[in-house]
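# Report on the structure
Here is what each chain is made of, one letter per residue.
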Amino acid sequence: MTSAHLDAPPVTVRVPAKVNLELLVGPLRADGYHDLSTVFQAVSLYDEVTVADALEWGCTVIGPLADGVPVDGDNLAVRAAKALSSDARHVGPVHITIRKAIPVAGGMAGGSADAAATLVACDRLWGLGLSRDNLEWYAAQLGSDIPFLIAGGTAIGSGRGESLAPVLARGTFQWVFALAEGGLSTPAVFAELDRLRGDGPVPEPMPTPELMGALRTGKAAELAPHLRNDLQAAALSLRPGLATVLEEGIGFGALAGIVSGSGPTVAFLVSDVEAGLDLAVALTASGVVRDVRRAHGPVHGAHVLPTSVD
Ligand code: C5P
């Protein structure tokens, strides 16, 4: 490896968070994963990841949500850059700067988003010209949600969640996210689901046609009754206080509330921008949540930002 291109301009990629509109979890597999059928939607909470040629590998996380993110080799973005670099000869090392706005360990794929952004950014920085399929292949090796954060939009994920098919979704949906104090570990939430399920048979997960139909209407009121997350019971078991958050959000007028992915962020679907503002104000005032973010979806996946002209 060489650091021959230290004068190459840094590349910044903007990457969204995700919410699972439907997350159906099948039986535990021999490899420790669960077969999933999930419908992802990319939402407008963004991390920005800048990669710059450097003399040694490094990572800095900045922004109000930066606390608790590892900056060493455990950081998924660093692992993503190193994986790409070891296959592409004569590239690296890089310094990665992550401006964090996606909740950490919040069930919105923040770490996966940073890895997705890093793959896209390093591909550009190093002039690799990888195809989208190729990038998604690297993404799938690193984590189940990462290919979706490259793709964006609304998509069905199967297998571990990494195998994607597009979904026809009309319109834009408005969301309010209730952020919790502290995160939840994804493996711990899956393990809790297995414990709650016991030894009974678990059916293979299949996308539900009702949800697909609701997405085609583009109407939030049609979508609301079909939001479903099999991990919700496990997240509530580990974090019983989330039940109060869900109740409060519905009480304040949300069309539906659901734990986002493995939690503990709670996602509320609202009818329009104004309803989102009202809900955000009410939840903040209630004191049951750490913080609130409004967002809309679907939005595009990881994309390079235009460089500023001096
Ligand atoms: O793929 P990723 O590294 O994001 O997954 C984190 C953890 O979540 C896995 O180690 C596993 O415990 C759990 N998981 C699972 N089934 C999936 C995806 C994730 O059990 N389909």
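Residues numbered from 1 in each chain as written. Predicted model: local features only at pLDDT ≥ 70, side-chain atom pairs only at ≥ 80, totals over all residues. Heavy atoms only, no water.

## A look at the domain arrangement of the protein
- You can read the domains of the protein as domain 1 (3-167) and domain 2 (173-297).
- Centre-to-centre, using C-alpha coordinates, domain 1 lies 23 Å away from domain 2.
- Taken together, the 31 residues of domain 1 in the interface contact 40 residues of domain 2.
- The contact between domain 1 and domain 2 buries some 2800 Å² in all, and 63% of this surface belongs to carbon and sulfur atoms.
- Our enumeration of links across domain 1 and domain 2 arrives at 14 residue pairs in polar contact (both at pLDDT 80 or more).
- For the side of domain 1 that touches domain 2, the secondary-structure elements that each account for two or more residues are strand E1 (11-28), strand E2 (34-53) and strand E5 (154-158).
- Per element, the largest residue contribution to the side of domain 1 that touches domain 2 is 11 residues, and it comes from E1.
- Grouping the constituent residues of the side of domain 1 that touches domain 2 by class yields 19 nonpolar, nine polar and three charged. (Domains from an automatic or database assignment. Contact = heavy atoms within 4.5 Å. Buried area = accessible area lost by both parts, 1.4 Å probe. Polar contact = N/O pair within 3.5 Å; in protein donor to acceptor, adjacent residues only side chain to side chain. Helix = DSSP H or I, 4+ residues; strand = E, 2+ residues; numbered from the N terminus. Nonpolar A, V, L, I, M, F, W, Y, C, P; charged D, E, K, R; others polar.)

## With respect to the state of the cysteines
- Using the criterion set out here, one finds zero disulfides in the structure.
- Here Cys 59 is not cross-linked by a disulfide; its sulfur's nearest cysteine counterpart is in Cys 122, at 11 Å.
- Cys 59 sits in the buried class, given a relative accessible area of 9%. (Disulfide = S-S within 2.5 Å. Buried < 20%, exposed > 50% of the residue type's maximum accessible area, 1.4 Å probe, protein only.)

## Observations regarding the side chain of Thr 38
- Looking at the secondary structure, you find Thr 38 in strand E2.
- With relative accessibility at 1%, the residue Thr 38 sits in the buried group.
- Side-chain polar atoms of Thr 38 contact the side chain of Asn 20, separated by 2.8 Å.
- For Thr 38, the side chain forms a polar contact with the main-chain oxygen of Glu 22, separated by 2.7 Å.
- Excluding its chain neighbours within four sequence positions, the residues that come into contact with Thr 38 are Asn 20, Glu 22, Leu 23, Ala 155, Ile 156 and Gly 157.

## Some points on the nonpolar core
- Ranked by internal contacts, the top residues of the largest apolar core, which has 72 residues, are Ile 96, Leu 119, Trp 175 and Phe 177.
- Per-element tally for this core: the top contributor is helix H2 (residues 110-125), with nine residues.
- Counting residues domain by domain, this core receives three or more from each of domain 1 (3-167) and domain 2 (173-297).
- Those residues in contact with Leu 119, other than ones at most four positions away along the chain, are Ala 80, Leu 84, Leu 135, Tyr 138, Ala 139, Leu 142 and Ile 150.
- By size, the runner-up hydrophobic cluster in this structure holds 25 residues, among which are Val 25, Leu 184, Leu 193 and Val 266. (Core = buried A, V, L, I, M, F, W, Y, C linked by side-chain atoms within 4.5 Å.)

## Overview of the site of the ligand
- Neighbouring the ligand are the residues Gly 32, Tyr 33, His 34, Leu 36, Gly 143, Ser 144, Arg 160, Thr 186, Pro 187 and Phe 190.
- In this structure, a nitrogen atom belonging to the ligand sits 2.9 Å away from a main-chain N or O atom of Arg 160.
- Only E2 and helix H5 (186-197) provide two or more residues apiece to the shell around the ligand.
- Here the shell around the ligand gets three residues from one element, more than from any other, and that element is H5.
- A breakdown of the residues in the shell around the ligand according to their chemical character gives four nonpolar, five polar and one charged.
- Shared between two domains, the shell around the ligand holds at least three residues of each, these being domain 1 (3-167) and domain 2 (173-297). (Near = heavy atom within 4 Å.)

## A look at the side chain of Asp 123
- Structurally, Asp 123 is set in helix H2.
- Buried charge without a partner: Asp 123 forms no salt bridge, and the closest opposite charge is Arg 124, 6.0 Å away.
- At 3.1 Å, the side chain of Asp 123 and the backbone nitrogen of Gly 129 are in polar contact.
- Setting aside chain neighbours within four positions, we find Asp 123 in contact with Leu 84, Leu 128, Gly 129, Leu 130 and Leu 135. (Lys, Arg positive; Asp, Glu negative; His and termini not counted. Salt bridge = Lys/Arg side-chain N within 4 Å of Asp/Glu carboxyl O.)

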